[in-house]
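Summary of the model geometry
One-letter residues, chain by chain:
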Amino acid sequence: MTEKLNSSYEVVVVGGGPAGLNGALMLARSRRSVVVIDAGAPRNAPADRVHGLLGRENTPPGELLARGREEVRSYGGQVVSGEVVDARPDGDGFVVTLADGRTTRARRLLVTTGLVDELPDITGLRERWGRDVLHCPYCHGWEVRDRAIGVLGTGPMSVHQVLMFRQLSPEVTFFRNGLEISSEDELRLRARDITVVNREVTGLDVADDHLTGVRLADGTSVALDALAVGTRMVARSGLLDRLGLRPEQHPMGEFYPSEPTGRTSVPGVWLAGNVTDLSAFVGGAASAGAFTGAQINADLIAEETERTVARYRAEELTPATD
């Protein structure tokens, strides 16, 4: 559903995932004019269910977002389909431009555009992503417990990922795929009875729309039920770069820094969710959005109060006339 975009709002939320919707919910309940502008490309779209979210365990991601949109609307907030391509400071706020040419104004921006997962260039990996090619033991691990799980070496967090999946199954294979690991890590893997394969993974074996294993550079295959891959997580950055923010590096990827409140170094711009916290689950992102929404409301109240006080003082100092 695409709603009409008004000419101005107190807060424009860029991104309609759990962080953005929960931030908008808090603002709408505080009687703020707020719109969520969502491009419709959620990170967890390939997943069947959301996990680890109390009270909403096993909810399909699309259903969770649909409920969130209706809740925001029920308090007077708007949710508009569209892609924000630019936001520039203008007076005491911002002019926000969408890809279709529409514009609106905002006193504050809450950016919750999330991140993208950069996968290794292995044939078939992207097509199985979110199904039996996984990344998070908390999001997907229960569903593959006690099965044959492979973990692909991709970076500095790979050994940690292997050990996490070992908690869920006794049959775990680590494919180093050229990744160098320390002697201490080699000892940890041996001690936990984790098989280590040094040959390069070149593709996946799939039958009846299910992963059955991985193919190695020497032509052999290793049977698997699931493959865990540590992606490089990169915050969606175009808008933030244009606003003057710069990303920081992390062992898992790249994020945009903010204060614990969500406030950034650019006045009026706030962040919540995976764009500033790469490791946030759905529940964590939603919680951060709610907290940051409350902080934005408090910031607006402080600004409005200062202006009111200034007017009040000016009136007190104005001489009365007959």
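The shown structure was predicted, so the numbers you read here are calculated from the model rather than taken from an experiment.

Each value, and the rule that gives it
- Residues numbered from 1 in each chain as written.
- Predicted model: local features only at pLDDT ≥ 70, side-chain atom pairs only at ≥ 80, totals over all residues.
- Heavy atoms only, no water.
- Helix = DSSP H or I, 4+ residues; strand = E, 2+ residues; numbered from the N terminus.
- Buried < 20%, exposed > 50% of the residue type's maximum accessible area, 1.4 Å probe, protein only.
- Contact = heavy atoms within 4.5 Å.
- Pairing = 2+ DSSP bridges.
- Right-handed = clockwise from strand over helix to strand, strands pointing away.
- Domains from an automatic or database assignment.
- Buried area = accessible area lost by both parts, 1.4 Å probe.
- Salt bridge = Lys/Arg side-chain N within 4 Å of Asp/Glu carboxyl O.
- Polar contact = N/O pair within 3.5 Å; in protein donor to acceptor, adjacent residues only side chain to side chain.
- Nonpolar A, V, L, I, M, F, W, Y, C, P; charged D, E, K, R; others polar.

**Notes on the environment of asparagine 44**
The topology assignment puts asparagine 44 in the loop between β2 (34-38) and α2 (61-74). Residue classification places asparagine 44 among the partly exposed positions, given a relative accessible area of 26%. With 85 residues separating them along the chain, asparagine 44 and tryptophan 129 place their C-alpha atoms 9.9 Å apart. For asparagine 44, the contacting residues outside a window of four places in its chain are Val50, Pro61 and Val282.

**Things to note about the pairing of strand β1 (residues 8-14)**
In regular strands, side chains alternate between the two faces of the sheet. Among the 7 residues that make up β1, 6 are buried, leaving the element largely enclosed by the rest of the structure. Here β1 runs beside strand β6 (residues 103-111); their pairing, made up of 6 bridges, is parallel. Considered in β6, the bridge of valine 12 is made with leucine 109. In the sheet, β1 pairs with β2 via 4 bridges, with the strands oriented parallel. Each residue of the ladder has a partner; that of valine 13, found in β2, is valine 36. In the classification by handedness, the crossover that spans β1, the intervening helix α1 (residues 18-29) and the parallel β2 is right-handed.

**What to know about the pairing of strand β7 (residues 115-118)**
Of the two faces of β7, only one is covered, namely that formed by Leu115 and Asp117; the face formed by Val116 and Glu118 stays uncovered. When β7 meets strand β16 (residues 232-235), the two strands line up antiparallel, connected through 4 bridges. For glutamate 118, the partnering residue across the bridge sits in β16 and is arginine 232.

**Some thoughts on the domain arrangement of the protein chain**
Along its sequence, the protein chain is carved into domain 1 (8-117 + 232-316) and domain 2 (120-229). Each of domain 1 and domain 2 was reduced to a C-alpha centroid, and the two centroids are 35 Å apart. Taken residue by residue, the interface counts 9 residues in domain 1 and 11 residues in domain 2. Between domain 1 and domain 2, a total of about 810 Å² is buried, with carbon and sulfur atoms accounting for 65% of that surface. Of all residues in domain 1, the largest losses of buried area upon contact with domain 2 belong to His51, Asp117 and Phe281, amounting jointly to 49% of the total for that side. One can count 0 salt bridges joining domain 1 with domain 2. Here domain 1 is connected to domain 2 by 1 residue pair in polar contact (both at pLDDT 80 or more). Residue composition of the side of domain 1 that touches domain 2, by class: 6 nonpolar, 1 polar and 2 charged.

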